[in-house]
Amino acid sequence: MNARDVPTLRPGWRLQWEQAQERYVLLYPEGMVQLNESAGAILSLVDGERDVAALIDELSRRYPEAPSEELAQDVIDFCVDAMQQGWIRHV
């Protein structure tokens, strides 16, 4: 996955905020994945329209204290892992 790829959730999967757990979860037909704060922040921006570079830009605005090169690498690494897990794909 590179900066110009546009990620989208896998068909049949849905991101949802769970108030009781105070975290995002990823729902799929067979179950649920509880996400940590970073994963939830990234996946909350995945809309099938923004490319990875736009995700990085938005997260950099939201978390200005995070070193930008580290944040960018973390987002790319997460997207690669999420794609390998089958959570997302790119359009």
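About the cut-offs
- Residues numbered from 1 in each chain as written.
- Predicted model: local features only at pLDDT ≥ 70, side-chain atom pairs only at ≥ 80, totals over all residues.
- Heavy atoms only, no water.
- Pairing = 2+ DSSP bridges.
- Helix = DSSP H or I, 4+ residues; strand = E, 2+ residues; numbered from the N terminus.
- Axes fitted to C-alpha atoms, helices over the stretch in contact; angles between N-to-C directions.
- Core = buried A, V, L, I, M, F, W, Y, C linked by side-chain atoms within 4.5 Å.
- Buried < 20%, exposed > 50% of the residue type's maximum accessible area, 1.4 Å probe, protein only.
- Contact = heavy atoms within 4.5 Å.

A. Layout of the sheet that holds strand 4 (residues 31-34). An order of 2-3-4 is seen for the 3 strands of this open sheet, with the pairing classed as antiparallel. Two strands lie at the open edges of the sheet, namely strand 2 (14-18) and strand 4, each paired on one side alone. Within the sheet, the average angular offset between the axes of one strand and its neighbour, ignoring direction, is 35°. As paired strands, strand 3 (residues 23-28) and strand 4 are joined by 4 bridges and run antiparallel to one another. Residue pairing across strands places Tyr 28 opposite Gly 31, the latter belonging to strand 4.

B. Structural detail: the nonpolar core. Counting residues in each nonpolar core, the largest one holds 24 residues, and the members touching the most others are Leu 26, Leu 35, Leu 43, Val 75 and Trp 87. Listed by contribution, the elements that provide at least two residues to this core are helix 1 (37-43), helix 2 (52-62) and helix 3 (68-85). Broken down by element, this core gets its largest block of residues, 6 residues, from helix 3. Here Leu 35 is in contact with Leu 15, Arg 23, Tyr 24, Val 25, Leu 26, Gly 40, Leu 43 and Trp 87, once residues within four sequence places are set aside.

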